[in-house]
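The primary structure of each chain is shown beneath.
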Amino acid sequence: MTSASVRHGIVAGIDGSASAVNAARWAASAAKRFDEPLRLTHVLPGQPESGGGTNVTDEEMFDHHLRVEGAKLLDEAEDAIRDDHTDVTIERGLVTGTPATTLVELSKSARIVALGQAGTSEMQSVFLGSDTIRVVNRAHCPVAVFRGNGDHATADSRPIVVGVDGSKLSELAVAHAFEFAAFLGAPLVAVHTWNEHASLGGYSEARRFVDWGPYEQHEHALLSECLAGWTEKYPDVDVTRSVQRSGPMKALLEHSAEAQLVVVGSHGRSPFMASIVGSTSQSLIHHAQCPVLVCREG
């Protein structure tokens, strides 16, 4: 049983961007399949600090203006969703606070949080920060980051791709990937990668003379072991195993071109740490060609 099975509702963060609207459309498609309510949420900024001349009436007018504009953004998102789905239960919320902190708090009880793509480049995220990355790194439930065009906003017959490396976080990603594939009636592609560096414990001239057959057989066996219990739990899910002599980032980015969703685990590294040691999930958030579901233990 995954943590998602004891949570309820899919939260979609609405910030006025086209990507956030597409994320809400994607979330509505998932909500329909999972029979969950969709919670459209817009975060209102707090009152600006007064310089001493602001009176109560000014503060009330400022708050009223923010709420009117926020309601318009929610209306736009709901209208776009109703073009795809007329039978999804939609709840709306205007919450005052900071976007990342508010959405992380909502993630404590949500099944999924859906967001538009990061509004910064990968390098800008390192130095300037990104609300999307902050939520992904701190959320208590899986976070779906919308990537791609509007065609990716509704469920279809394209496969779900999951990255598998044998770790505990990878097992969490596999659990959610199977769950999505079962509910969406989609095939699943399980991707496991390996390379000479990892197999030999470092770069060496010896790799030129190694018979890589046994290493590859071992990696195939490892992937089968990681999937064994889940293929039994979800026997109707059509699973394709892909063992590639490559890096995980490159392999998953390539698969994202033909997928409707890529699912990965995440250690929740900060953008700065990720830039130093590498982060497959954060690279996918910035470069994947389809939505990305990032799973971590909350």
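Below you will find a few notes about this structure. (Residues numbered from 1 in each chain as written. Predicted model: local features only at pLDDT ≥ 70, side-chain atom pairs only at ≥ 80, totals over all residues. Heavy atoms only, no water.)

1. Quick look at the packing of helix α5 (residues 131–138) against helix α11 (residues 280–287)
Then step 1. Two elements in contact, α5 and α11, have axes whose closest approach is 12 Å; the angle formed by their N-to-C orientations is 145°. When the axes of α5 and α11 are compared, the crossing they make is right-handed. For the pair α5 and α11, the contacting residues are Thr-132, Ile-133, Val-136 and Asn-137 in the first and Gln-282, Ile-285 and His-286 in the second.
Then step 2. Looking at the contact of α5 with α11, its residues break down into three nonpolar, four polar and no charged. (Axes fitted to C-alpha atoms, helices over the stretch in contact; angles between N-to-C directions. Helix = DSSP H or I, 4+ residues; strand = E, 2+ residues; numbered from the N terminus. Left-handed = near helix turned anticlockwise from the far one by under 90°. Contact = heavy atoms within 4.5 Å. Nonpolar A, V, L, I, M, F, W, Y, C, P; charged D, E, K, R; others polar.)

2. What to know about the environment of Gly-9
Then step 1. Here Gly-9 is to be found in the segment before β1 (10–13).
Then step 2. Overall, the relative accessible area of 0% leaves Gly-9 in the buried class.
Then step 3. Along the sequence, Gly-9 and Leu-38 sit 29 residues apart, while their C-alpha atoms lie 5.9 Å from each other.
Then step 4. Not counting residues within four places of it along the chain, the set of residues in contact with Gly-9 comprises Glu-36, Pro-37, Arg-39, Ala-110, Arg-111 and Ile-112. (Buried < 20%, exposed > 50% of the residue type's maximum accessible area, 1.4 Å probe, protein only.)

3. Structural notes on the pairing of strand β2 (residues 38–44)
Then step 1. Most of β2 sits out of view: six of its seven residues are buried.
Then step 2. Regarding topology, helix α1 (residues 18–34) serves as the crossover connection from β1 to the parallel β2, and that connection is right-handed.
Then step 3. Two elements, β2 and strand β3 (residues 90–96), share seven bridges in a ladder whose sense is parallel. Counted as the bridge partner of Thr-41 is Gly-93 from β3. (Right-handed = clockwise from strand over helix to strand, strands pointing away. Pairing = 2+ DSSP bridges.)

4. Here we look at the environment of Arg-134
Then step 1. As for its placement among the helices and strands, Arg-134 is situated in helix α5.
Then step 2. In the structure, Arg-134 is positioned 31 residues away from Leu-103 in sequence and 9.7 Å away in space, judged by C-alpha atoms.
Then step 3. Side-chain polar atoms of Arg-134 contact the side chain of Asp-131, separated by 3.0 Å. (Polar contact = N/O pair within 3.5 Å; in protein donor to acceptor, adjacent residues only side chain to side chain.)

5. Notes on the sheet that holds strand β6 (residues 160–163)
Then step 1. With mixed pairing, ten strands are arranged side by side in an open sheet as β3-β2-β1-β4-β5-β10-β9-β6-β7-β8. With partners counted over all chains shown, the strands left at the sheet margins are β3 and β8 (239–245), one partner each. For this sheet, the mean angle separating the axes of adjacent strands, direction not counted, is 25°.
Then step 2. As paired elements, strand β4 (residues 112–115) and strand β5 (residues 143–145) share three bridges and run parallel to each other. Paired with Leu-115 across the bridge in β5 is Val-145.
Then step 3. Strands in contact with α1 are β1, β2, β4, β5 and β9 (261–265); relative to β1, the strand with the most contacts, it is inclined by about 170°.

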